[in-house]
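# Coordinates in review
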Amino acid sequence: MKTTADFMKRKQTNEPITMVTAYDAPSAKLAESAGLDAILVGDSLGMVVLGYTSTIPVTVDDMVLHTKAVRRGAPNTFVVADLPHLSYHGSFDATLSNVRRLVQEAGADAVKLEGGATVCSEIKALTEAGVPVMGHIGLTPQSVAVMGGYKVQGKDRESARKLIEEAKAVEKAGAFSLVIECVPAELGKLISEQVTIPVIGIGAGVDTDGQVLVYHDLIGYGDVHVPKFVKAYTNVSEQIQQALESYHDEVKRRQFPTEAHSFTVKEDVLQGLYGGKIDEDN
Ligand SMILES: Nc1nc(=O)c2c([nH]1)NC[C@@H]1CN(c3ccc(C(=O)N[C@@H](CCC(=O)O)C(=O)O)cc3)CN21
Ligand SMILES: CC(C)C(=O)C(=O)O
Ligand SMILES: [Mg+2]
């Protein structure tokens, strides 16, 4: 997929959109060669790579650095960059200069921002300026302090109705696609049916127009708390741990490096040098 039109087409043909996060070049390269439709440089970066306990501390500088790396690793994949916390809540000029950095400096194809009605004016203005915007509703981690934790959203009738209204508002504002996070599967299906833009779910059941997962969750890397909606397709933490332990052990026992991993010089080069072993032999 190269353009936002390709996203719309997928909804029309009912072919699921596959998206995964990535934060660096080698991971992005693997996502591209695995054939993923799109890559999200998520602000989950803060939690899975930078070691913060939330996405709140992530800055525009952080996002620019990692979006650049992802773009280099996956030059032919549609890349969406998260606008980090508080980078789209001031003047539109301030928002625009942050978006400019992600799109022009770092090479993102689109930006994503969290929220419903409150961010619709930003979605509209950015779209009119020619920047594709992906919305994000349901569990919005940048508002964790207001929501009182990472909880399933839309569990009662009133909040479910509100989420459907938010999805419609985000669509109306011009978003080309919408992430919906951590809602009951029935609501994920209903919202996907109620809007014409493709809905990409994470913890929103199987009936959305696509799925997104955090890279490290998907490959089982890192011991951060893993939400229920995650499926770990492998466990690279175990493999990395084993490799590190073997290396540590082999170095201590002088089993690494062997000749296969060493360089040599011709004997005469060292002759007479600082009374070295070769010198003494003569
Ligand atoms: N590694 C990682 N994966 C993610 O999916 C992710 C991040 N980090 N960081 C940013 C946000 C935060 N996310 C989270 C974090 C925790 C839960 C969680 O623990 N949810 C509970 C539901 C509790 C309830 O029943 O209300 C769960 O058990 O899944 C959900 C989403 C999703 N995003
Ligand atoms: C979980 C996805 C949707 C996200 O916003 C992120 O990775 O930051
Ligand atoms: Mg995010």
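Residues numbered from 1 in each chain as written. Chains lettered and ligands numbered in written order. Predicted model: local features only at pLDDT ≥ 70, side-chain atom pairs only at ≥ 80, totals over all residues. Heavy atoms only, no water.

Note the threshold: UniProt positions are given in the numbering used here, feature names are shortened, and annotations may be inferred rather than shown by experiment.
Looking at an unreviewed UniProt entry, the protein chain carries the name 3-methyl-2-oxobutanoate hydroxymethyltransferase, with the source organism given as Alkalicoccobacillus murimartini. Regarding the protein chain, the relevant UniProt record gives this comment under Subunit (unreviewed entry): "Homodecamer; pentamer of dimers." Listed in UniProt under the heading Catalytic activity (unreviewed entry), the comment for the protein chain reads: "(6R)-5,10-methylene-5,6,7,8-tetrahydrofolate + 3-methyl-2-oxobutanoate + H2O = 2-dehydropantoate + (6S)-5,6,7,8-tetrahydrofolate".

## Side note on the coordination of the magnesium ion (ligand 3)
As a benchmark, a tetrahedral metal site with four donors has ideal angles of 109.5 degrees, while an octahedral site with six donors has ideal angles of 90 or 180 degrees. To be explicit about the condition: Coordinating N, O and S atoms are those within 2.8 Å of the metal (3.2 Å for Na, K and Ca), and as water is not part of the atoms, a site may appear to have fewer donors than expected. Starting at the N terminus, helices and strands are each numbered in turn, a helix being any DSSP run of H or I of at least four residues and a strand any DSSP run of E of at least two. For every residue, the accessible area obtained with a 1.4 Å probe (protein chains only) is divided by the maximum for its type, and the residue is called buried under 20%, exposed over 50%, and partly exposed between those limits.
Protein coordination at the magnesium ion (ligand 3) comes from Asp43 (OD) and Asp82 (OD), with a distance range of 2.2 Å. A residue pair is termed long-range when its members are at least 10 positions apart, and aspartate 43 in the loop between β2 (38–41) and α3 (45–48) and aspartate 82 in strand β3 (residues 78–82) qualify at 39 residues. Aspartate 43 gets classed as buried once you look at its relative accessible area, which sits at 4%. The class of aspartate 82 is buried, set by a relative accessible area of 3%.

## As for the UniProt feature "active site" (unreviewed entry) in the protein chain
In plain terms, the rule: Here, residues are in contact when the closest pair of their heavy atoms is within 4.5 Å.
When the UniProt feature table is mapped onto this chain, "active site" (unreviewed entry) is found at Glu181. Relative to the helices and strands, glutamate 181 resides in strand β6 (residues 177–181). Every residue in contact with glutamate 181, bar those within four places of it in the chain, is listed here: His136, Ile137, Gly138, Leu139, Pro141, Ile202 and Phe229.

## Quick word on helix α11 (residues 236–252)
Convention followed: Expected helix span is given by 1.5 Å per residue-to-residue step, counting one fewer step than there are residues. As used in this structure description, the phrase polar contact means that two N or O atoms lie within 3.5 Å; if the pair is within protein, one of them must be able to donate a hydrogen and the other to accept it, and residues adjacent in sequence are counted only when both atoms belong to side chains.
In a regular helix each residue adds 1.5 Å, so 17 residues correspond to 24 Å; α11 covers 24 Å between its end C-alpha atoms and thus fits that length. With a side-chain oxygen lying 3.2 Å from the backbone nitrogen of serine 237, the N-terminal cap of α11 falls on asparagine 235. Positive phi shows up at arginine 254, right after α11, with a value of about 50°.

## A short note on the site of ligand 2
Condition: When at least one non-hydrogen atom of a residue lies within 4 Å of a molecule or strand, that residue is treated as near it. Using a 1.4 Å probe, accessible areas were evaluated by the Shrake-Rupley method; residue-level cover was limited to the displayed protein chains. Residues are grouped as follows: Ala, Val, Leu, Ile, Met, Phe, Trp, Tyr, Cys and Pro are nonpolar; Asp, Glu, Lys and Arg are charged; all remaining types, including Gly, are polar.
Taken together, Thr21, Leu40, Gly42, Asp43, Ser44, Asp82, Lys112, His136, Val179, Ile202 and Val214 form the complete shell of residues around ligand 2. Here an oxygen atom of ligand 2 and a side-chain polar atom of aspartate 43 are 2.8 Å apart. One of the side-chain nitrogen or oxygen atoms of lysine 112 is found 2.8 Å away from an oxygen atom of ligand 2. The fraction of the free accessible surface of ligand 2 (260 Å²) that becomes covered by protein chains is 95%. By residue class, the composition of the shell around ligand 2 is four nonpolar, four polar and three charged.

## Points about the environment of arginine 72
Its location among the elements puts arginine 72 in helix α4 (residues 60–73). Overall, the relative accessible area of 61% leaves arginine 72 in the exposed class. Expressed as a C-alpha distance, the spacing of arginine 72 and glutamine 242, which sit 170 residues apart in the sequence, is 30 Å.

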